[in-house]
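Close look at the chain arrangement
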Amino acid sequence: MRVLGIESSCDETGLAVYDTARGLLAHVLHSQIALHAEYGGVVPELASRDHIRRLTPLLREVLRKAGCGLRDIDALAYTQGPGLAGALLTGAAFAAGLSVSLNKPALPVHHLEGHLLSPLLAADAPEFPFVALLASGGHTQLMTVTGVGRYELLGETQDDAAGEAFDKTAQLLGLPYPGGPALSRLAETGRSGVFGLPRPMLNSGDFNFSFAGLKTAVATRVKKQGAPLSASFKADIARAFEEAVADVLTQKSFAALRRADMRRLVAAGGVCANLRLRERLNAVAREKNCRVHYPPLEFCTDNGAMIAFAAALRLQAGAMPPPVGAFAVKPRWMLLSGINEPGTEDERATAECATGAIDATGAREGRGSPDP
Ligand code: KG4
Ligand code: ZN
């Protein structure tokens, strides 16, 4: 079975073809960094318009790289949420259009499920069960994973996500968007131990996180220092920030492993591209005789491969796609067991969504909710 996956939840347009017998055949990605850079963050309307511009050329490119045509595709998959409503709609409607013209199913995929399963794309894939640390721009969660679609939330951030804290702290230091990678590059030149920053909720006794206070601690220190900030001040505080985030994520992840009585940790989502975090996780794993699995680095941040892959696993597990041409997006959507399964807690919890349908003549009828 060949699945064409489409990711368009935020500022990356990603497409990929995954073959259940041969593995990943091709993937392509267009990043909107240059488009949003002058605004210091993602502008939702610009993001949607750019996805629309890119989807068709990227489709041609991914098919060429995969060495196949549209008629060789058995199923479509698209990111249904969470994400920016308009951006999600571009990928969802594109997938639905293809689904009608090919008369093939289009499976909606939870973006975080894509991240969560992406380490299984690596050559040395982990087996179930495992504990997953998901750290991205919008989410920071720890969960136990006992199989495809079987997820139990252990804890999550109570305020900012880890990636959001990276991005906001980078902005405080005058670094360009996207802040996470820029801050981590700057931290490379910083000295350890110059600034002491808090480790929020480290001893809270649960698996929740809080990163807003850490960002505020940096803001307070920056204010005290006064402008202009020297290059060495910025590098040292970036280092302290990065170490604090890495410490909290590492310690809580291993506490979760202990609680779940497991030895396998999966670390996924954009923040897990951070090399200092990986260094810490690996060091503690060695000490505790555990193993950490990451997605291949290029699939750590948003991409189409993880969406095609997650859909392929779900279809193999017997997932029922919606009727051809129907589509929906869920800008706010919890990752729960039984996602997209009728009658489950997930279905009942999904109050906020936009749906539509494309009929065989290509007309779209729909009702939508406003961008949250
Ligand atoms: O998973 P992702 O690509 O998109 C979301 O689903 O949010 O994660 C993006 C987040 C951003 O906040 C970005 O700054 C952060 O991941 N990020 C990093 C690094 N690379 C991306 N944070 C720290 N170090 C990095 N190397
Ligand atoms: Zn993501």
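Bear in mind that the values here come from a model prediction, so they are computed numbers and not experimental data.

On to the overall build of the protein chain. Looking only at helices and strands, the protein chain features 11 helices and 13 strands. For 372 residues, the compact-globule formula gives about 21 Å, and the C-alpha radius of gyration of the protein chain, at 21 Å, lands near that figure. Across its three principal directions, the C-alpha atoms of the protein chain cover 65 × 45 × 40 Å. Going through the 372 residues of the protein chain one by one, you find that 55% of them count as buried. The long-range fraction of contacts in the protein chain, counting pairs at least 24 apart against all pairs at least 6 apart in sequence, stands at 70%. Surface summary for the protein chain: the accessible area is close to 15,800 Å², and the carbon and sulfur share equals 51%. Side-chain charges in the protein chain split into 38 positive and 38 negative, and the spacing between the mean points of these groups amounts to 4 Å.

On to the environment of Pro119, then. Summarising the element assignment, Pro119 is placed in the loop between α4 (111-117) and β6 (130-135). Spatially, the C-alpha atoms of Pro119 and His293 are 6.2 Å apart, while their sequence positions differ by 174 residues.

The next subject is the packing of helix α6 (residues 179-187) against helix α8 (residues 231-260). At a minimum axis distance of 7 Å, the contact between α6 and α8 shows a crossing angle of 110°. In terms of orientation, α6 lies roughly perpendicular with respect to α8. Between α6 and α8 lies a crossing whose hand is left-handed. Here α6 contributes Leu183, Ser184, Leu186 and Ala187 to the contact with α8, which in turn contributes Lys234, Ala235, Ala238, Arg239, Phe241 and Glu242. In the contact of α6 with α8, the residues fall into 6 nonpolar, 1 polar and 3 charged.

Below, the discussion takes up the coordination of the zinc ion (ligand 2). The protein atoms donating to the zinc ion (ligand 2) are His111 (NE2), His115 (NE2) and Asp302 (OD), with metal-donor distances spanning 2.0 to 2.1 Å. Considered as a linear motif, the donors of the zinc ion (ligand 2) on their single chain read H-x3-H-x186-D. Taken as a pair, His111 and His115 lie in helix α4 at a separation of 4 residues, close to a single helical turn. The pair His111 / His115 is uniform in exposure class, with both members buried.

Turning next to the domain arrangement of the protein chain. Taken domain by domain, the protein chain consists of domain 1 (2-116 + 300-352) and domain 2 (127-294). Placing the centre of domain 1 and that of domain 2 at their C-alpha centroids yields a distance of 27 Å. The interface of domain 1 with domain 2 comprises 21 residues on the first partner and 23 residues on the second. When domain 1 packs against domain 2, the two sides together hide about 1,700 Å² of surface, and 69% of this comes from carbon and sulfur. Of all residues in domain 1, Leu112, Leu116 and Cys300 bury the most surface against domain 2, accounting for 35% of the area lost on that side. Along the contact surface separating domain 1 from domain 2 lie 0 salt bridges. Our count for the domain 1 to domain 2 interface comes out at 4 residue pairs in polar contact (both at pLDDT 80 or more). Looking at the side of domain 1 that touches domain 2, the elements that each hand over two or more residues are α1 (33-37), α4 and α10 (305-316).

What follows deals with the packing of aromatic side chains. A full pass over the atoms with the stated rule returns 5 aromatic pairs. Ring geometry for Tyr18 versus Phe309: centroids 5.1 Å apart, planes at 70°, classification edge-to-face. Of the two residues, Tyr18 sits in strand β2 (residues 12-19) while Phe309 sits in helix α10, which places them 291 residues apart along the sequence. The two residues Tyr18 and Phe309 agree in class, both being buried. For the ring pair Phe166 and Phe241, a centre distance of 5.1 Å and an interplane angle of 85° mean the geometry is edge-to-face. Of this pair, Phe166 sits in helix α5 (residues 162-172) while Phe241 sits in helix α8; the two residues are 75 residues apart in sequence, bridging distant segments of the chain. The residues Phe166 and Phe241 share a single accessibility class, namely buried.

Our next topic: the nonpolar core. Grouped together as the largest cluster of nonpolar side chains are 50 residues, with contacts concentrated most on Phe211, Phe241 and Leu249. Counting residues per element, the ones that place at least two in this core are β6, α5, α6, α7 (212-225), α8, β9 (264-268) and α9 (275-287). Here the element with the most residues in this core is α8; it accounts for 14 residues. Apart from residues lying up to four places away in sequence, Phe241 is in contact with Ala165, Phe166, Thr169, Leu183, Leu197, Leu214 and Val218. By size, the runner-up hydrophobic cluster in this structure holds 32 residues, among which are Leu112, Phe299, Ala310 and Ala312.

For β9, the buried fraction is high: 4 of the 5 residues fall into the buried class. In terms of strand pairing, β6 meets β9 through 4 bridges, oriented parallel. Of the residues in β9, the one forming a bridge with Leu134 is Ala268. Alignment of β9 against strand β10 (residues 291-293), held across 3 bridges, turns out to be parallel. Each bridged residue has a counterpart across the sheet, and for Leu265 the counterpart in β10 is Val292.

What counts, and at which threshold
- Residues numbered from 1 in each chain as written.
- Chains lettered and ligands numbered in written order.
- Predicted model: local features only at pLDDT ≥ 70, side-chain atom pairs only at ≥ 80, totals over all residues.
- Heavy atoms only, no water.
- Helix = DSSP H or I, 4+ residues; strand = E, 2+ residues; numbered from the N terminus.
- Rg over C-alpha atoms; globule rule 2.2 N^0.38 Å.
- Buried < 20%, exposed > 50% of the residue type's maximum accessible area, 1.4 Å probe, protein only.
- Contact = heavy atoms within 4.5 Å.
- Areas by Shrake-Rupley, 256 points an atom, 1.4 Å probe, with all protein chains shown as cover.
- Lys, Arg positive; Asp, Glu negative; His and termini not counted.
- Charge placed at Lys NZ, Arg CZ, Asp CG, Glu CD.
- Axes fitted to C-alpha atoms, helices over the stretch in contact; angles between N-to-C directions.
- Parallel < 35°, antiparallel > 145°, perpendicular 65-115°, else oblique.
- Left-handed = near helix turned anticlockwise from the far one by under 90°.
- Nonpolar A, V, L, I, M, F, W, Y, C, P; charged D, E, K, R; others polar.
- Donors = N, O, S within 2.8 Å, 3.2 Å for Na, K, Ca; no water.
- Domains from an automatic or database assignment.
- Buried area = accessible area lost by both parts, 1.4 Å probe.
- Salt bridge = Lys/Arg side-chain N within 4 Å of Asp/Glu carboxyl O.
- Polar contact = N/O pair within 3.5 Å; in protein donor to acceptor, adjacent residues only side chain to side chain.
- Phe/Tyr/Trp six-rings, centres within 6.5 Å; stacked < 30°, edge-to-face > 60°.
- Core = buried A, V, L, I, M, F, W, Y, C linked by side-chain atoms within 4.5 Å.
- Pairing = 2+ DSSP bridges.

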